[in-house]
Amino acid sequence: MKQSVLVVNCGSSSLKLALFDENENELASAKAERLNETDAFAGIDGDNLTIALPAGASHRQALQALVTALRERQLMTDAPASVGHRVVHGGETFREAVLVNNSVIKGINRCAGLAPLHNPVNIAGIEATGELFPDTPQVAVFDTAYHQTLAPRAYLYALPEAYYRDWSVRRYGFHGISHFFMANEAARRLGKTPATTSIISAHLGNGCSICAIKDGLSVDTSMGLTPLEGLVMGTRSGDVDPGLFEYLSTQGVSLKEVHKVLNHESGLLGISGQTNDMRTLCDLADHGHEPSALAIEIFCFRLAKYVGAMMASLSHLDALVFTGGIGENSSRVRKKTLSHLGLLGFNLDTDMNEHHGGYTDGRIDTADSRFPVLVIPTNEELVIAREARRLATSI
Ligand code: AMP
């Protein structure tokens, strides 16, 4: 237990914890949801007892309650040897994971304008952890950092350059922790080293992004200044014509309303009018609900177009990799997406696709497919735990 690593993932209204031992086994995981609301709740995974939280509980209160519960159940008997935090936005300041100190907290705070819902709660998580475990080194692992290898041609928008210089307007990319895991895990499964492996990684969960990875490094990705750009997502629109804003303002729709609609009422939910959940959408489509079938169709077509776009950054491709709740589980989405890409030579093995690559270490392509296609479960917590341990032991 002495060498355990605690991973803290503070979302805008949630908090997730994962505790790993020195052999990277997950000892426990726990989460709190609906934080800052009247019906906040928390629990330890695999444990039926809910943990009492005061109404409107903050991230700090939730962290204290969860750590107390882990200790009471003997799941955490000592202070962890290190703590790793997922931090959403590292701007251009943080190109890799760092040990937390006061100047790092200030740096995360300076990036908060780019992620106002996330960076402040990430700092709250760091400060609360520091109070609970004052002698334990803490490490910040950034969702944007992996994409700091993008070249200007990939990260600059075609805007007046003062927008970048004065206001840091550029593409940052997100889901970097998951794409980094894919780069390493795909290389391992293909019997190669990450530094010689080039893949396209499609992270398809409630949020979705795709990343071109050349010789282990991110060279292009679909999310931009914010996690709104790119693919169709659960409730986010992904790409729209920026002319939409001016047009909708002439229809009396405020900027605030457009922002809300594009982030929370669009994507699969907006098109189907029913749900952002891909499982439910598939059921509805199977029962003849046409808007749900259309939502899946648009989701897959946009994804296929982006797979093609990511090719522009690569000189060879070792694999296309699917991950995230949808990417790992929906054979239908994978099949439909690749049905648009026959021209590029992707060929799916129907049986392996149905079994999510379970037979063959993730492979779902046929022997004559021009490129391997893999299904790999993501494990962002493990990446954060590894970074926390690596940096903490370097002190
Ligand atoms: P995540 O954000 O990675 O947890 O992914 C959430 C998404 O994965 C939701 O749209 C779920 O409906 C989808 N998902 C999870 N399991 C399945 C499944 N068996 N088939 C299709 N979609 C799934």
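Remember, predicted model here, so these are calculated numbers, not experimental data. (Residues numbered from 1 in each chain as written. Predicted model: local features only at pLDDT ≥ 70, side-chain atom pairs only at ≥ 80, totals over all residues. Heavy atoms only, no water.)

### Digging into helix α11 (residues 290-311)
Link 1 in the chain: For α11, which comprises 22 residues, the first-to-last C-alpha distance of 32 Å matches the rise-based estimate of 32 Å (1.5 Å per residue) to within 8%.
Link 2 in the chain: Taken residue by residue, α11 has Ser292, Ala295, Ile296, Phe299, Cys300, Arg302, Leu303, Ala304, Tyr306, Val307, Met310 and Met311 as its buried positions. (Helix = DSSP H or I, 4+ residues; strand = E, 2+ residues; numbered from the N terminus. Expected span 1.5 Å × (residues − 1). Buried < 20%, exposed > 50% of the residue type's maximum accessible area, 1.4 Å probe, protein only.)

### Here's the deal with the packing of helix α6 (residues 176-190) against helix α15 (residues 380-392)
Link 1 in the chain: Across the interface, α6 lies against α15 with an axial gap of 9 Å and an inter-helix angle of 90 degrees. Between α6 and α15, the crossing angle belongs to the class labelled roughly perpendicular. Across the interface between the two elements, Ile177, Ser178, Phe180 and Phe181 from α6 touch Glu380, Leu382, Val383, Ile384 and Arg386 from α15.
Link 2 in the chain: When the residues that make up the contact of α6 with α15 are grouped by side-chain class, the tally is six nonpolar, one polar and two charged. (Axes fitted to C-alpha atoms, helices over the stretch in contact; angles between N-to-C directions. Parallel < 35°, antiparallel > 145°, perpendicular 65-115°, else oblique. Contact = heavy atoms within 4.5 Å. Nonpolar A, V, L, I, M, F, W, Y, C, P; charged D, E, K, R; others polar.)

### Structural notes on the site of the ligand
Link 1 in the chain: What surrounds the ligand is the set Gly205, Asn206, Asn276, Asp277, Met278, Arg279, Gly324, Gly325, Ile326, Asn329 and Ser330.
Link 2 in the chain: A distance of 2.6 Å is found between an oxygen atom of the ligand and a side-chain nitrogen or oxygen belonging to aspartate 277.
Link 3 in the chain: A distance of 3.3 Å separates an oxygen atom of the ligand from a polar atom in the backbone of isoleucine 326.
Link 4 in the chain: The fraction of the free accessible surface of the ligand (500 Å²) that becomes covered by protein chains is 68%.
Link 5 in the chain: Where the shell around the ligand is concerned, the elements lending two or more residues are α10 (278-286) and α12 (324-329).
Link 6 in the chain: Residues belonging to the shell around the ligand are distributed by class as follows: two nonpolar, seven polar and two charged. (Near = heavy atom within 4 Å. Polar contact = N/O pair within 3.5 Å; in protein donor to acceptor, adjacent residues only side chain to side chain. Areas by Shrake-Rupley, 256 points an atom, 1.4 Å probe, with all protein chains shown as cover.)

### Some remarks on empty space enclosed by the protein
Link 1 in the chain: Within this structure, the stated rule accounts for one cavity of 30 Å³ or more.
Link 2 in the chain: There is about 30 Å³ of room inside the largest cavity.
Link 3 in the chain: Considering the residues around the largest cavity, the lining is formed by Val5, Phe20, Asp21, Glu24, Ala385, Arg386 and Arg389.
Link 4 in the chain: Counting residues per element, the lining of the largest cavity draws most heavily on α15, which supplies three residues.
Link 5 in the chain: The residue inventory of the lining of the largest cavity, partitioned by class, reads three nonpolar, no polar and four charged. (1 Å grid on protein atoms, 1.4 Å probe; cavity = no way out; pocket = protein on both sides within 12 Å on 5 of 7 lines; lining within 4 Å. Points joined across faces, edges and corners; volume = space filled by probe spheres on them.)

### Focus: the pairing of strand β12 (residues 319-323)
Link 1 in the chain: Taking burial as the measure, the five residues of β12 include five buried ones, the bulk of the element.
Link 2 in the chain: Neither face of β12 is open: one carries Ala319, Val321 and Thr323, the other Leu320 and Phe322, and all of them are buried.
Link 3 in the chain: Across five bridges, strand β9 (residues 199-204) lies against β12 in parallel orientation. For alanine 202, the partnering residue across the bridge sits in β12 and is phenylalanine 322.
Link 4 in the chain: Pairing analysis gives three bridges linking β12 to strand β13 (residues 373-375), with the strands arranged parallel. Within the sheet, the bridge partner assigned to valine 321 lies in β13 and is leucine 374. (Pairing = 2+ DSSP bridges.)

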